[in-house]
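Spelled out from the first residue to the last, the chains are:
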Amino acid sequence: MRTRGVRDWALLGAPAILLLTGCTLIVPPPGTDLDPTLDFQKVVFANLEPDPTTDSFPLAVGMDWLYRDATADHLPTHPPGPPIRIEVVADVVSADGTALYVLRKTSLGEPDESLYLHRANDGVYATGRSRGETIEVFPSPILWCPLPLEREEAWTYTIDGEVFQAHALFQEAVPTWAGIFQGCWKVAIESTATHATEARWYASGVGLAKFTDRSRSYELERSSLTSGRGALVLDVAAAGAVHKAKVGDAVIVELPAKKGSGYAWARTDRSSGILPSSAQEGEFHPDLLGATENRPGEATPGTFVYRAEATQPTPPGLPALLEFAYVPIAGGAAAYTFSAWIEVDP
């Protein structure tokens, strides 16, 4: 069984410095009480980024997985439930500057759920979760999945006072609608209080290929990792440069933001024909801070995420401009601007 103290976990990873390249600071007019300042260097402990093509738990913004309810395959009287979609929607940080992935689960008729995950040298740690609008920060990070997985490896974690025991049992082939995945690690999880069990199968280069949830079984139907769809993710360090994407790729912009500061990011370019988006206002994901940091009435730091789709190629030598401004909601001069050029190949 692997063990690691919280202090050791907090020191994993190298510092990541974000450069304010290409962004312009404009001081608001005198007498305003709006706070335009953003923290562009808030990441202290970065996520480990192993090769996603060989990793059993790949994580990167833009990845997604769709699962079908496969219970009826072996229980014909069971009516299939709605599919479950899991996606990495944002990068945020914890109170100590640890980089976290926001892994969101959505299913028709259920509130959205999210796990806040950090990838360290020895595995994936969960630092909090959310359901609907409620965010919970765990008292200490939970080892969600040690990596690389090893036969008969065991670990224990506690959520809401309930203790769960997990075991990596063996490797086996797992057939799904998305294909047959060889050498999947089967992980069995049991509640020590209720003895309820669940199982997860992790495939190299794909991640979670199959899982059981109470009496239901779900298998992978499709994923960005099996379809060849790519994701170009841009942050402040990418400003002012030319970047390449292909038709069908997602183009995702992540910028620091503060909800409740009186400012918001807005897209200001005219490239929506080439890089359209279904959510023109983007999404805000709060950083995972403790209760003392999230005080009522104060601005909440986090990440603004904007997702566009590359729908058509750009003419040779004429990349599309993707531009955003951090502007006062009440109107006025922008505090920051961000721009990048996107070449879209067929």
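Residues numbered from 1 in each chain as written. Predicted model: local features only at pLDDT ≥ 70, side-chain atom pairs only at ≥ 80, totals over all residues. Heavy atoms only, no water.

S.K.: Before we go on, may I ask you to explain the overall build of the chain in this structure?
M.R.: Along the chain, the regular secondary structure elements total two helices and 20 strands. Counting all 346 residues of the chain, 46% fall into the buried class. Summed over all atoms, the accessible surface of the chain reaches about 17000 Å², with 55% contributed by carbon and sulfur. (Helix = DSSP H or I, 4+ residues; strand = E, 2+ residues; numbered from the N terminus. Buried < 20%, exposed > 50% of the residue type's maximum accessible area, 1.4 Å probe, protein only. Areas by Shrake-Rupley, 256 points an atom, 1.4 Å probe, with all protein chains shown as cover.)

S.K.: Explanation requested: the pairing of strand S10 (residues 197-203) in the structure shown.
M.R.: The two faces of the sheet receive side chains in turn, since in a regular strand these alternate between them. Of all seven residues in S10, five are buried, a share of seventy percent or more. Note that strand S9 (residues 179-191) and S10 share six bridges and pair antiparallel. Pairing of Ala188 across the sheet is with Ala199, part of S10. Taking the residues that link successive antiparallel strands as the turn, the S9-S10 hairpin has five residues, and the phi of His195 there is positive, at about 65°. In terms of strand pairing, S10 meets strand S11 (residues 207-213) through four bridges, oriented antiparallel. If you follow Ala203 over to S11, its bridge partner there is Gly207. (Pairing = 2+ DSSP bridges.)

S.K.: Explain the sheet that holds S11 to me, please; I cannot follow it from the model alone.
M.R.: Note: strands within a sheet are paired through backbone hydrogen bonds, in either parallel or antiparallel orientation. Read across the sheet, 12 strands follow the order S6-S5-S4-S3-S2-S1-S12-S11-S10-S9-S8-S7 without closing on themselves; strand pairing throughout is antiparallel. Across the chains shown, the open sheet's two edge strands, defined by having one partner strand only, are strand S6 (134-146) and strand S7 (154-159). Recorded for the sheet is a direction-independent mean angle of 30° between the axes of neighbouring strands. Relative to strand S12 (residues 216-223), S11 runs antiparallel, the two being bridged by four bridges. The residue bridging Phe211 from the neighbouring strand is Tyr218, located in S12. (Axes fitted to C-alpha atoms, helices over the stretch in contact; angles between N-to-C directions.)

S.K.: Looking at this model, I keep getting lost on the packing of aromatic side chains. Mind explaining?
M.R.: For any pair of aromatic rings, the description consists of the separation of the ring centres together with the inter-plane angle of the planes. The tally for this structure, following the rule as stated, stands at 13 aromatic pairs. Seen from their ring centres, Phe40 and Tyr336 are 5.1 Å apart, and the 65° between their planes marks the pair as edge-to-face. Placement of the pair is Phe40 in the loop between helix H1 (6-10) and strand S1 (64-69) and Tyr336 in strand S20 (residues 336-345), with a sequence separation of 296 residues. Across this residue pair, the class does not change: Phe40 and Tyr336 are buried. Taken together, the ring pairs in this structure connect Phe40, Tyr263, Trp265, Phe304, Tyr306, Phe324, Tyr326 and Tyr336 into an aromatic cluster. In this arrangement the basic side chain of Arg68 is found over the ring face of Trp177, its NZ or CZ atom lying 4.1 Å from the centre. Over the ring of Trp201 we find Lys210; its NZ or CZ atom is 4.8 Å from the centre of that ring. (Phe/Tyr/Trp six-rings, centres within 6.5 Å; stacked < 30°, edge-to-face > 60°. Lys NZ or Arg CZ within 6 Å of the ring centre and 35° of its normal.)

S.K.: Please clarify how the sheet that holds strand S19 (residues 320-328) should be interpreted in this entry.
M.R.: Across the sheet, which stays open at both edges, the four strands sit in the order S14-S20-S19-S16 with mixed pairing between neighbours. Where the open sheet ends on each side, the last strands, each with one partner, are strand S14 (242-246) and strand S16 (263-267). The mean angle between the axes of side-by-side strands here comes to 30°, regardless of whether they run parallel or antiparallel. Bridge analysis of S16 against S19 gives five bridges, and the strand direction is antiparallel.

S.K.: Please explain the environment of Arg216 as it appears in this structure.
M.R.: Position of Arg216 among the secondary structure elements: in strand S12. When the C-alpha atoms of Arg216 and Ala72 are compared, they prove to be 8.9 Å apart, with 144 residues separating the residues in sequence. When sequence neighbours within four positions are dropped, the list of residues in contact with Arg216 reads Asp69, Thr71, His78, Gly81 and Phe211. (Contact = heavy atoms within 4.5 Å.)

S.K.: Is there a simple way to think about the pairing of S12 in this case?
M.R.: Where S1 and S12 come together, five bridges link them in antiparallel fashion. Directly across from Tyr67, in S12, lies its bridge partner Leu220. What sits between the antiparallel neighbours S11 and S12 is a turn of two residues, in which Arg214 has the positive phi angle 55°.

Shape descriptors only; they carry no functional weight alone.
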